[in-house]
Amino acid sequence: MPIVSMKPARDPKLAWFREARFGMFVHFGVYALLGRGEWVQYHERIPRREYEKLSKRFNPSRFSAKEWVGLAADSGCRYITLTAKHHDGFCLFDSALTDYKITNTPFKRDLVGEVVAECHKQGMRICLYYSQPDWHHPNYVHLKDSFKDLSDPPADQQPDWDKYIAYYHGQVLELCRNYGRIDGIWFDGSQKSEKVWQGRKLYNAIKRLQPGAVVNDRAGFGDMWTPERTLPEDLTGYLFEACQSTDSKHWGYERKQVLFSVPTLVESLARKLAAGGNFLLNVGPRPD
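Now for a look at the structure at hand. (Residues numbered from 1 in each chain as written. Predicted model: local features only at pLDDT ≥ 70, side-chain atom pairs only at ≥ 80, totals over all residues. Heavy atoms only, no water.)

## Looking at the side chain of glutamate 38
This is how it is decided: Helix and strand labels come from DSSP, where a helix needs a run of H or I of at least four residues and a strand needs a run of E of at least two; each type is numbered from the N terminus. Burial here depends on accessible area, computed with a 1.4 Å probe over protein chains only, as a share of the maximum for the residue type. Under 20% is buried, over 50% is exposed, and the range in between is partly exposed. Under this rule, positive means Lys or Arg and negative means Asp or Glu; His and the chain ends count for nothing. The salt bridge criterion pairs a side-chain nitrogen of Lys or Arg with a carboxyl oxygen of Asp or Glu, the two atoms within 4 Å. Pairs of N or O atoms within 3.5 Å make up the polar contacts considered here, provided that, within protein, one atom can donate a hydrogen while the other can accept it, and that residues adjacent in sequence are counted only when both atoms are side-chain atoms. Contacts between residues were defined by any pair of non-hydrogen atoms, one from each residue, lying within 4.5 Å.
Within the secondary structure, glutamate 38 sits in the loop between strand E2 (22-26) and helix H2 (40-43). Despite its burial, glutamate 38 pairs with no opposite charge, the nearest such side chain being arginine 229 at 6.7 Å. A polar atom in the side chain of glutamate 38 sits 2.7 Å from the backbone nitrogen of glycine 252. What glutamate 38 contacts, discounting residues up to four positions off in sequence, is His27, Tyr31, His86, Trp135, His250, Trp251 and Gly252.

Here is the structure:
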């Protein structure tokens, strides 16, 4: 069971999060090229070497950090949470720890860096999503029947948990060191325990580098609860953020979207705020 204290709800360094209430979640990556959601590699069992080829043609040429941040601001959002790395292991930032990243695509630019810089410019808070499960990294240890782990990992996988922990902790610390002020880290590996993810150790390292950053519960230890697509049970006294997507099926881009109606989303926003938490509403940009 993740550990979340009531203390962060009274921490003056996190007052910005308590007051923000409404944020824009952005799920973006090479999976957008296929237009079948962010789990397409997993659900369709696309071999890693085949899936890797998507990065060779990933070029979101119409991307504009100014437009993304402006859209969030115009929509009433006070912060953005952007996927720096999703379960497929592809990084939207210029990590020194992998070649599987956006700066090695035809796009060549550090998309995370541009969004962070524009958020600073426009006075928007910025949090970064990081998936601990990784379908690309050769040292990740896939457990049979574990949610978010591959049931048939590549034959050339070299499972080594210590090496993988060093990689994932190292990348999170890159995100905390390389872009100036970061307002939060949003983990997404709740199927394993704090002991496995070494969540408390990483939490303390994040706080040393970014004291005002809010950290969610999905590495087993954090400042806030993050219920997904649901209204939480009574969380009075805790920080919490409920997330929902505009698409009823996926978080990443889906060509055949089934969108929630505006009244449904407005009601969901109102219910989350009335319960005392934040509402994080997701969009999945097209590949361009």
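Let's pick the thread back up.
## A word on helix H5 (residues 111-122)
Counted only if it meets this: Expected span of a helix: the number of residues minus one, times 1.5 Å.
With 12 residues, H5 extends 16 Å between its outermost C-alpha atoms, agreeing within 8% with the 16 Å of an ideal straight helix rising 1.5 Å per residue. Taken together, the buried positions of H5 are occupied by Leu111, Val112, Gly113, Val115, Val116, Glu118 and Cys119. Structurally, H5 contributes buried residues whose contacts are with helix H4 (65-74), strand E3 (79-85) and strand E4 (125-130).

## Observations concerning the sheet that holds E3
The condition is simple: The criterion for strand pairing is that DSSP finds at least two bridges linking the strands in question.
The strand order across the open sheet formed by eight strands is E6-E5-E4-E3-E2-E10-E9-E8, and the pairing between neighbours is parallel. In this open sheet, the two edge strands, each paired with only one partner strand, are strand E6 (214-215) and strand E8 (224-225). Judged from the four bridges that link them, E4 and strand E5 (residues 184-187) form a sheet pairing that is parallel. Within E5, the position partnered with tyrosine 129 by the bridge is tryptophan 186.

## Describing the side chain of aspartate 149
Examined against the element boundaries, aspartate 149 turns out to sit in the loop between E4 and helix H6 (161-177). Under the relative-accessibility criterion, aspartate 149 is labelled buried at 2%. Within the local environment of aspartate 149, its side chain forms a polar contact with the side chain of tyrosine 140, the two groups lying 2.6 Å apart. A polar contact of 2.8 Å, which involves the side chain of aspartate 149, links it to the side chain of lysine 192.

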